[in-house]
Amino acid sequence: MTSREILNRARELLSHNNIEDAPLEAELLLRYTLNISRTTLLAEPDIPLTKAQETDFWNKIGRRIKGIPSAYITGVREFYGLEFHVDDSVLIPRPETELIVEKTIEISRGYNSPLIADIGTGCGNIAISLAVNLPNAHIYATDISQRALCVARRNCERHNVQARVRLFVGDLLELLQEPVDIIVANLPYVRTADLPSINTSGFEPRLALDGGEDGLDIIRRLCGQVNGKLKTGGTLLLEIGIGQKELLVNYLLSLFPE
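The paragraphs below set out a description of the structure included in this document. (Residues numbered from 1 in each chain as written. Predicted model: local features only at pLDDT ≥ 70, side-chain atom pairs only at ≥ 80, totals over all residues. Heavy atoms only, no water.)

With that out of the way, let us pick up the environment of asparagine 160. Position of asparagine 160 among the secondary structure elements: in the loop between α8 (146-158) and β5 (165-169). Under the relative-accessibility criterion, asparagine 160 is labelled exposed at 61%. Along the sequence, asparagine 160 and isoleucine 128 sit 32 residues apart, while their C-alpha atoms lie 9.2 Å from each other. (Helix = DSSP H or I, 4+ residues; strand = E, 2+ residues; numbered from the N terminus. Buried < 20%, exposed > 50% of the residue type's maximum accessible area, 1.4 Å probe, protein only.)

Next comes the structure, spelled out in structure tokens:
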């Protein structure tokens, strides 16, 4: 069977099983099975597959139909132009989180050697993206999950930034050793009642998703620890969900009256 034939069948099967973006999902899983780029797949649409490759590919498709996210099947997720190893101990990086990286880079231009803390680092995608794009930056990356930090360490080594990204296991800002210029955090902000509607629910760690009744429980705890951890004139950058801005702003104003 050729890549064109198997891809057409896989697209139909994924679509029939209500997998969103079935054509892209099928293509992604085939590319990782064959270990080729998208450019190669488009340029050579009739690559013959071995029996072993066919078996491997259909195994991946079967796992995807069961709901397992493609990133966990391939073990890889792209974020901010870089590839990161992921497994089911970490949240899968989302494209929208790239905005917080862009904003941090923009703010960091005002420093010669910015000191940054990435709280709830997961696979390390934010911290490592910052380290790669800010060669003079030094970054603390913390997470409450030791398993997540093992993944982050692997990714630090993959991108050769382990000398500038220091990993700590602990709760939020508790282990931050000195005040920093910028604190950045993509913490759990999904409302507990909304968890069943998340299409990766049951596969991604609940610890990385569940933000409590209104989604802001953990973010509030972080904000309550900021005093003494952020330098004067420093910046706190948070990713939050739709409809949470007013609640969080009011809470911050109660902590830090104008």
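Turning to the sheet that holds strand β3 (residues 115-119), a few remarks are in order. Taking strand neighbours across the sheet as the criterion, the five strands line up as β5-β4-β3-β6-β7 in an open arrangement whose pairing is parallel. Edge positions in the sheet fall to β5 and β7 (230-238), since each has one partner strand and no second. Here the strands of the sheet are splayed against their neighbours by 20 degrees on average, with no regard to which way each runs. Here strand β6 (residues 180-185) runs beside β7; their pairing, made up of five bridges, is parallel. If you follow alanine 185 over to β7, its bridge partner there is leucine 238. Across the sheet, α8 lies against β4 (138-143) and β5, angled at about 170 degrees from β5, the strand it touches most. (Pairing = 2+ DSSP bridges. Axes fitted to C-alpha atoms, helices over the stretch in contact; angles between N-to-C directions. Contact = heavy atoms within 4.5 Å.)

Between two aromatic rings, the relevant description is the distance of the centres plus the angle of the planes. Per the stated rule, a full pass over the model turns up three aromatic pairs. Each ring, one from phenylalanine 79 and one from phenylalanine 84, has its centre 6.3 Å from the other, and the planes form 70 degrees; the classification is edge-to-face. For the pair phenylalanine 79 and phenylalanine 84, a shared accessibility class is recorded, and that class is buried. Centre to centre, the rings of tyrosine 140 and phenylalanine 168 are 5.7 Å apart; their planes meet at 55 degrees, and the pair counts as tilted. Taken together, the residues span a long stretch of sequence, with tyrosine 140 in strand β4 and phenylalanine 168 in strand β5 at a distance of 28 residues. A residue is classified by how much of its surface remains accessible, and tyrosine 140, at 4% relative accessible area, is buried. (Phe/Tyr/Trp six-rings, centres within 6.5 Å; stacked < 30°, edge-to-face > 60°.)

Quick look at the packing of helix α1 (residues 3-16) against helix α4 (residues 51-65) now. Their axes nearest at 11 Å, the elements α1 and α4 cross at an angle of 15 degrees. In terms of their interaxial angle, α1 and α4 are classed as roughly parallel. Classified by chirality, the crossing of α4 by α1 is right-handed. Contacts from Ile6, Arg9, Ala10, Leu13 and Leu14 of α1 reach α4 at Glu54, Phe57, Trp58, Ile61, Arg64 and Ile65. Looking at side-chain class alone, the contact of α1 with α4 contains eight nonpolar, no polar and three charged residues. (Parallel < 35°, antiparallel > 145°, perpendicular 65-115°, else oblique. Left-handed = near helix turned anticlockwise from the far one by under 90°. Nonpolar A, V, L, I, M, F, W, Y, C, P; charged D, E, K, R; others polar.)

Looking at where histidine 85 falls in the secondary structure, it is placed in strand β2 (residues 82-85). With relative accessibility at 13%, the residue histidine 85 sits in the buried group. Within polar-contact distance, the side chain of histidine 85 engages the backbone oxygen of glycine 75 at 3.2 Å. Reaching out from histidine 85, the side chain makes a polar contact with the side chain of arginine 154 at a distance of 3.2 Å. When residues no more than four places from it in sequence are discounted, the contact partners of histidine 85 are Gly75, Cys123, Val151, Arg154, Asn155 and Arg158. (Polar contact = N/O pair within 3.5 Å; in protein donor to acceptor, adjacent residues only side chain to side chain.)

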